[in-house]
Amino acid sequence: MAHPRPDIPSGLLGSKPSFSELKLQTDSHRNSEFKLEGVNNVVIRIKTGVPIKTVTQLIECSTETEHPTHVLVQRKDKEAVHFHVAFPSNGWFKFLIFALQEEDPSDSLPNVYNYLISAEQVIRPAKPYPAMYSKFYNDCCFLYEPMVLNMNSKHLNSVKFSLVVPEALKVALHVMDEWFHLEKNGDRFEKTVDLSPYKEKGTTIQAMASYEAQGTRYAALLEYTM
């Protein structure tokens, strides 16, 4: 049975004044309210007239519970932002986007756009995305796979990693005391790794990048938790 639509205050959904001020445009989802059936995630793309910094809130309407780990924000360039939104249960969710021009020093980001999303017939509740470090977004890095990784993931003995890290000379996975170096393939860094020996709960897997030809310093980009 579908969940009843929640009462939403007038004027909450859609664009806010700062949306047009930042020259933002909806791309993938023009309607501020939409429904999904049988899928546990969606990618919302926003075109950016100027480069922006952004934060979000994903709120489950029935309980007003926030799900920060079920949103991953990334961009291939400074002309659009991809919001990966996952749903841990069936029901209605508010997705709030806050943004400010990237060069603005303020830490207070105004609300620019709000969605209301219905997720029904979600057979497999979505699991959290990896944690993203600020450098990942700032440098226009882009993750292709795996979008989700945990101790219950299938085929842990053969996990393919594929991501774009502009300007990086080396990209590696740091797992406990081990390092797995990814190989450059076109514009991506890729490697298939056996993670089955590291599936204990709580084990972290960091994707890290080095920008020095001879150096040993690596910057953290993403972190998965088993």
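Residues numbered from 1 in each chain as written. Predicted model: local features only at pLDDT ≥ 70, side-chain atom pairs only at ≥ 80, totals over all residues. Heavy atoms only, no water.

Turning next to the packing of aromatic side chains. Under the counting rule described, the total for this entry stands at 9 aromatic pairs. For the pair phenylalanine 87 and phenylalanine 93, a centre-to-centre distance of 5.1 Å together with 55° between the ring planes defines the contact as tilted. Classification of phenylalanine 93 as buried rests on a relative accessible area of 0%. With 6.3 Å between their ring centres and 75° between their planes, phenylalanine 180 and tyrosine 198 make a pair best called edge-to-face. With phenylalanine 180 in strand 15 (residues 178-181) and tyrosine 198 in the loop between strand 17 (188-193) and strand 18 (204-210), this pair connects stretches of sequence that are 18 residues apart. Phenylalanine 180 sits in the buried class, given a relative accessible area of 17%. With relative accessibility at 14%, the residue tyrosine 198 sits in the buried group. An aromatic cluster of three or more residues is present, and its members are Phe19, Phe34, Tyr113 and Tyr115. A cation over a ring is seen here: lysine 76 above phenylalanine 142, with NZ or CZ 5.0 Å from the ring centre. (Phe/Tyr/Trp six-rings, centres within 6.5 Å; stacked < 30°, edge-to-face > 60°. Buried < 20%, exposed > 50% of the residue type's maximum accessible area, 1.4 Å probe, protein only. Helix = DSSP H or I, 4+ residues; strand = E, 2+ residues; numbered from the N terminus. Lys NZ or Arg CZ within 6 Å of the ring centre and 35° of its normal.)

Cross-referencing UniProt, the feature "domain: KY-like immunoglobulin-like" (unreviewed entry) maps to residues 13-130 in the present numbering. This span, residues 13-130, is 4% helix and 54% strand, and a straight line between its end C-alpha atoms measures 28 Å. (UniProt positions renumbered as here; feature names shortened; annotations may be inferred.)

Of note, lysine 23 is situated in the loop between helix 1 (17-21) and strand 2 (24-26). Taking relative accessible area as the criterion, lysine 23 reaches 55% and is therefore assigned exposed. In sequence terms lysine 23 and lysine 47 are 24 residues apart; their C-alpha atoms lie 8.4 Å from each other. The residues touching lysine 23, leaving out its near neighbours within four places in the chain, are Lys47, Thr48 and Gly49. (Contact = heavy atoms within 4.5 Å.)

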